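Observations on chain architecture
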Amino acid sequence: MAEIGPLEKEIRRRIAAAGPMPVDEYMGLCLADPEHGYYTTRDPLGARGDFITAPEISQMFGELIGLWMTAVWKKMGEPANIRIIELGPGRGTLMKDALRAAEVAPAFRNAVVVHLVEISPALKAQQEETLEHLVIPVYWHPSLNDVPEGPAIIIANEFFDALPIKQAVKSEDGWHERQIGIGDDGKFVFTVVPAPLQHFDRLLPPAPRAAPRESIFEWRSDSVAMDLGRRVARGGAALVIDYGHAASAVGETLQAVGQHAYADPLSAPGNIDLTAHVDFQPLLRAMEAMGGTAYGPIEQSLLLRRLGIETRAATLKSKATRAVAAGIDAALARLTGHGRTGMGSLFKAAAIAHPSVGTPPGFESGPAA
Ligand code: SAH
């Protein structure tokens, strides 16, 4: 067996002491353990890291979001002070590109104070470096609840997929919560709690309720979505972009990635990325429950096209060498494409806005049904 890392030792100790561990506890420790978590100990992004995200693929992504923020601020009546909050800002690339694009609206730039919500000291250091030359004030917070009150525009790209999920497996006598234990061979294995989850069926939408035996259902705590909705209910709007599904469905999406390749989610805890698809249905419901109006989800490709990615690409290409122009085309295809390597339809965008803001840019076809 490969050498056991410090986080694996700790998880084994906890399982030995308290029995099998729920999936959300395992995922939470793997990603966010203050000492040994995947995010807390490294910068995993970029071509040389474990995975790449839309803002790292092309500056166009952050720029269009900067224009989105500017347009929302105008719809809010151009307040003299506006908080721009980003959840899980990674390397700070999206924010840097967004604020550069917002230079077209100096009054907006002058109104902005940036609040970054980040648990990772390693990524915070990277964000400080990326945003070093900004003249705009930037503050860091460990959670959304620590950001001071006030009208806000909130962005979350590939944030919710990193929040821990729970899993349940359907069997003859109902749904059983999935856990992680230690198998006969000494390795981590999935097990289930012997007693079924009480009244679980009643909480499920009809499709997963009717699923066959052995189906897996995943869900996350609503707490961050509700905090986000609560803020927007006092003014502003939020944009959530992530990979996932528009309607709740069964299916296991927990996945692990290390060095741009899929890995076993129960291997190398703390050293590989763990994510699970975002179920936009409960996410929007939780945000909307606090008083805002929800829009979408729509496909990322549609949002980016409506925000003008094709025009932006053409402008950048007109000033570029042939090699750079080919890179811009490749980035455009990656961000909006529908094939296996495209993010265009796997990724979805949803927004929530205070009723006074009206429809956020890109969501013009109307509120979510
Ligand atoms: N939005 C960035 C990074 C996505 S990776 C991009 O698109 O490139 C996920 C980000 O969320 C990282 O910055 C990670 O450190 C942060 N993160 C993960 N769990 C978090 C939590 N519970 N609270 C705050 N930040 C978290």
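None of these values were measured; they are calculated from a predicted model. (Residues numbered from 1 in each chain as written. Predicted model: local features only at pLDDT ≥ 70, side-chain atom pairs only at ≥ 80, totals over all residues. Heavy atoms only, no water.)

**Examining the site of the ligand**
In the region of the ligand, 16 residues are neighbours, and Thr53, Gly88, Gly90, Glu118 and Asn157 sit closest. Within the side chain of Thr53, a nitrogen or oxygen atom sits 2.5 Å from an oxygen atom of the ligand. Here Gly90 contributes a backbone N or O atom positioned 3.0 Å from an oxygen atom of the ligand. Notes on the ligand: free accessible area 570 Å², of which the protein chains cover 93%. Considering only residue class, the shell around the ligand consists of nine nonpolar, five polar and two charged. (Near = heavy atom within 4 Å. Polar contact = N/O pair within 3.5 Å; in protein donor to acceptor, adjacent residues only side chain to side chain. Areas by Shrake-Rupley, 256 points an atom, 1.4 Å probe, with all protein chains shown as cover. Nonpolar A, V, L, I, M, F, W, Y, C, P; charged D, E, K, R; others polar.)

**What about the packing of aromatic side chains?**
All chains considered together, the criterion is met by ten aromatic pairs. When the centroid spacing of 6.4 Å and the interplanar angle of 20° are considered together, the rings of Phe217 and Trp219 count as stacked. Among the aromatic residues, ring-to-ring pairing joins Trp175, Phe200, Phe217 and Trp219 into one connected group. Lying across the ring of Phe188, Arg12 places its NZ or CZ 4.9 Å from the centre. Seen from the ring of Trp140, Lys124 lies directly overhead, with NZ or CZ sitting 5.2 Å from the centre. (Phe/Tyr/Trp six-rings, centres within 6.5 Å; stacked < 30°, edge-to-face > 60°. Lys NZ or Arg CZ within 6 Å of the ring centre and 35° of its normal.)

**Points about the domain arrangement of the chain**
What the domain assignment reports for the chain is domain 1 (6-22 + 167-219) and domain 2 (54-164 + 221-307 + 346-353). For domain 1 versus domain 2, the separation of C-alpha centres amounts to 30 Å. Counting from both sides, the interface comprises 17 residues of domain 1 and, opposite them, 13 residues of domain 2. Overall, the association of domain 1 and domain 2 removes approximately 1,200 Å² of surface from exposure, summing both partners, and the carbon and sulfur fraction of that is 63%. Counting across the domain 1 and domain 2 interface gives one salt bridge. Summed over the shared surface of domain 1 and domain 2, the result is five residue pairs in polar contact (both at pLDDT 80 or more). For the side of domain 1 that touches domain 2, the secondary-structure elements that each account for two or more residues are helix H1 (6-18), strand S7 (174-182), strand S8 (188-192) and strand S9 (216-220). By residue class, the composition of the side of domain 1 that touches domain 2 is twelve nonpolar, two polar and three charged. (Domains from an automatic or database assignment. Contact = heavy atoms within 4.5 Å. Buried area = accessible area lost by both parts, 1.4 Å probe. Salt bridge = Lys/Arg side-chain N within 4 Å of Asp/Glu carboxyl O. Helix = DSSP H or I, 4+ residues; strand = E, 2+ residues; numbered from the N terminus.)

**Here we look at helix H13 (residues 309-318)**
Because an α-helix packs 3.6 residues into every turn, residues spaced three or four apart end up facing the same way. Looking at H13, one finds that the buried residues are Ile309, Ala313 and Leu316. Taken end-on, H13 shows its buried residues confined to a sector of 65°, consistent with a single buried face. The exposed residues of H13 that point more than 90 degrees off its buried face are Thr311 and Ser318. (Buried < 20%, exposed > 50% of the residue type's maximum accessible area, 1.4 Å probe, protein only. Arc of directions from axis to C-beta.)

**Examining the nonpolar core**
Within soluble globular proteins, side chains that are nonpolar generally end up buried alongside one another. Among the nonpolar cores identified, the biggest contains 51 residues, and Trp68, Met69, Phe108 and Phe363 are the most heavily contacted of them. For this core, the element with the most residues is helix H4 (residues 59-75), which contributes eight residues. Setting aside residues up to four positions removed in sequence, Trp68 forms contacts with Ile153, Ile155, Ala237, Ala238, Leu239, Leu307, Ala351, Pro360, Pro361 and Phe363. (Core = buried A, V, L, I, M, F, W, Y, C linked by side-chain atoms within 4.5 Å.)

**With respect to the pattern of salt bridges**
Under the counting rule described, the total for this entry stands at 19 salt bridges. For Arg14, the salt bridge identified is with Glu25, shortest N-O distance 3.5 Å. Here the residue Arg14 occupies a position in helix H1, and Glu25 occupies one in helix H2 (residues 23-32), the gap between them amounting to eleven residues. For Arg14, a relative accessible area of 30% gives the class partly exposed. A salt bridge links Arg230 to Asp227; the shortest N-O distance between them is 2.8 Å. Taken as a pair, Arg230 and Asp227 lie in helix H10 (residues 223-232) at a separation of three residues, close to a single helical turn. Where salt bridges share partners, they join Glu10, Arg13, Arg14 and Glu25 into one cluster.

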